[in-house]
Amino acid sequence: MSTAAAAPLAGVRVVELGQVLAGPFAGAILADLGAEVVKVERIEGGDDARRMGAAFRHDDALVFHIFNRGKRSVALDLRSEAGRASLEQLLAQADVCIHNLRPDVPKALGIDGPSVCARHPRLIYGEISAFGHLGPMAMRPGYEPLIQAFSGLSSTNGGPDDPPLRSGASVCDQGSGMWLVIGVLAKLHERAQTGRGGMLQTSLLETALVWNGQKSDAYLNEGRLPARHRSGHPGFVPYEAFDTADGPLLICCGNDRLFAKLAEVLDRRQWLDDERFATNRARLAHKEEMLAELAPLLSERPRAEWVERLEAAGVPCAPIHSVPQALEDPQVQALGLIAQVPGEDFRLTASPLTFDGKRPGIAAPAPRLGEHNVRYGLPEFDPAP
């Protein structure tokens, strides 16, 4: 598969006023898809993500390089009249404006959605907040772990005896960035027909509630709170991780046909005639007995042997990899998802999309603060103190 750059959003200009993760992630997706993303940063140090960790390259932290590749940076003092005038100059030439600014900031600066859209009716204006644009907490800022806790997402993570746990990935921040991009693409399509832009809004809280929707909908409609299964599933048995002789293995029997294949591999055909195990609903009711018989069998042999035997029989399974093991796996390497950053000596994870067999590459490294002021006809910025 070719990894030559695919640029379906070529010709689209985006102004991003993003900080740290949710907004910058949306901007990075749009940049990967070929949009020209102009990142507007504060003159005092720029995006806080530049200092979120040890200096990696060019005195910026790795996280900044990850979420700001392919963008251009302009440094403006939006508290000044001249800075706001420069922003207006950028917005007048843009198709899209996105931000995840603290909720009280846009109105204080005169760049809230209604004001900006009134001045630039073709502009698509998208914003990400922490708790949503409505309600008593609309003006409250928030961070990923706070939203996971507040939304109930943490309460469904982990096992029955674990305390509430946050997800290792920033699913609310990055998920909100994805929803914003989806909204932007929808509005671009609409604008092509109507000639007008408009506003779109999403939040970390709404994203968390949607990710947890299967659990909360069960509570709303059936009055049941979700059981916590760690790697397991509330609707299937066996469907979780097991220890083999040398490492953990996930087995997913999503129906009775797959369970029958598992029983065959394990030489336990009698399970199919046992009223406790013959059907998935029976296994759900007798889960502990099922696992008590299954787990010791799997612990007798090495993981690679089980993977080979189960895959040959058509039983879905996967080794539980560490990050290095996942990156070294031939399947992951075949996808070509790790891309060299142009002009740099390091690599980053690229876009998980392909278009006509081509994956969008990383167009450029993350910009230096204010590197592109002059490019857009703005006052030259000197980051030196």
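The sections below set out a description of the structure shown in this document. (Residues numbered from 1 in each chain as written. Predicted model: local features only at pLDDT ≥ 70, side-chain atom pairs only at ≥ 80, totals over all residues. Heavy atoms only, no water.)

### Quick notes on a nonpolar patch on the surface
- Among the surface-exposed residues, Trp-179, Ile-182, Val-210 and Trp-211 lie close enough to one another that they form a single nonpolar patch of about 380 Å² accessible area.
- Elements supplying a minimum of two residues to the nonpolar patch: α7 (171–194) and α8 (204–211).
- Looking at the secondary structure, you find Trp-211 in helix α8.
- Residue classification places Trp-211 among the partly exposed residues on the basis of a relative accessible area of 40%. (Patch = residues over 30% accessible without salt bridge, like charges linked within 9 Å, V, L, I, M, F, W, Y side chains within 5 Å. Areas by Shrake-Rupley, 256 points an atom, 1.4 Å probe, with all protein chains shown as cover. Salt bridge = Lys/Arg side-chain N within 4 Å of Asp/Glu carboxyl O. Helix = DSSP H or I, 4+ residues; strand = E, 2+ residues; numbered from the N terminus. Buried < 20%, exposed > 50% of the residue type's maximum accessible area, 1.4 Å probe, protein only.)

### What about the sheet that holds strand β11 (residues 317–319)?
- As summarised here, the arrangement of the three strands in space is β9-β10-β11, forming an open sheet in which the pairing is antiparallel. Two strands bound the open sheet, and with one partner strand each, they are β9 (239–243) and β11. Strand-to-strand twist in this sheet, taken as the mean axis angle between neighbours without regard to direction, amounts to 20 degrees.
- Pairing of β9 with strand β10 (residues 248–252), which is carried by five bridges, proceeds in the antiparallel orientation. If you follow Asp-243 over to β10, its bridge partner there is Pro-248.
- On the sheet, helix α12 (residues 287–298) packs against β9 and β10 and is oriented at approximately 40 degrees with respect to β9. (Pairing = 2+ DSSP bridges. Axes fitted to C-alpha atoms, helices over the stretch in contact; angles between N-to-C directions. Contact = heavy atoms within 4.5 Å.)

### Focus: the nonpolar core
- Formed by 37 residues in total, the largest nonpolar core has its most connected members in Val-14, Leu-30, Val-96, Ile-98 and Ile-147.
- Looking at this core, the elements that each hand over two or more residues are α1 (22–32), α2 (62–67), β6 (96–99), β7 (124–129), α7 and α8.
- Among the elements that take part in this core, α1 stands out by supplying six residues, more than any other.
- Apart from the residues lying within four places of it in its own chain, the contact partners of Leu-30 are Leu-9, Val-14, Ala-35, Val-37, Ile-98, Val-181 and Val-184. (Core = buried A, V, L, I, M, F, W, Y, C linked by side-chain atoms within 4.5 Å.)

### Quick look at the packing of aromatic side chains
- What the rule picks out here adds up to seven aromatic pairs.
- Ring geometry for Phe-56 and Phe-346: centres 4.9 Å apart, planes at 75 degrees, overall edge-to-face. Residue Phe-56 is found in strand β3 (residues 55–57), and its partner Phe-346 is found in the loop between β12 (338–340) and β13 (347–349); the two are separated by 290 residues along the sequence.
- Residue Phe-346 is classed as buried on the basis of its relative accessible area, which comes to 6%.
- When the centroid spacing of 5.3 Å and the interplanar angle of 25 degrees are considered together, the rings of Phe-236 and Tyr-239 count as stacked.
- Using a relative accessible area of 25% as the deciding quantity, one classes Phe-236 as partly exposed.
- Among the aromatic residues, those joined into a ring-pair cluster are Phe-259, Trp-271 and Phe-277.
- In this arrangement the basic side chain of Arg-57 is found over the ring face of Phe-56, its NZ or CZ atom lying 4.2 Å from the centre.
- Directly above the aromatic system of Trp-306 lies the positively charged group of Arg-301, at a separation of 5.9 Å from the ring centroid. (Phe/Tyr/Trp six-rings, centres within 6.5 Å; stacked < 30°, edge-to-face > 60°. Lys NZ or Arg CZ within 6 Å of the ring centre and 35° of its normal.)

### Thoughts on α8
- Of the residues making up α8, those classed as buried are Leu-204, Leu-205, Thr-207 and Ala-208. Considered in projection along α8, the buried side chains sweep an arc of 160 degrees and stay on one side of the axis.
- Close packing links the buried residues of α8 with α1, β7, α6 (144–151), α7 and β8 (198–203). (Arc of directions from axis to C-beta.)

### Quick look at the side chain of Ser-86
- Tracing the backbone shows Ser-86 in helix α3 (residues 81–92).
- Take Ser-86: its relative accessible area is 7%, and that puts it in the buried class.
- Ignoring anything within four residues of it in the chain, the contact list for Ser-86 reads Leu-76, Leu-378 and Pro-379.

### Side note on the environment of Asp-256
- Following the sequence through the fold, Asp-256 ends up in helix α10 (residues 256–265).
- The partly exposed category is assigned to Asp-256, whose relative accessible area is 34%.
- Separated by 14 residues in the primary sequence, Asp-256 and Gln-270 have C-alpha atoms spaced 14 Å apart.
- Among the polar contacts made by the side chain of Asp-256, one reaches the main-chain amide nitrogen of Asn-280 at a distance of 2.8 Å. (Polar contact = N/O pair within 3.5 Å; in protein donor to acceptor, adjacent residues only side chain to side chain.)

Honestly, it's all geometry; don't read function into it.
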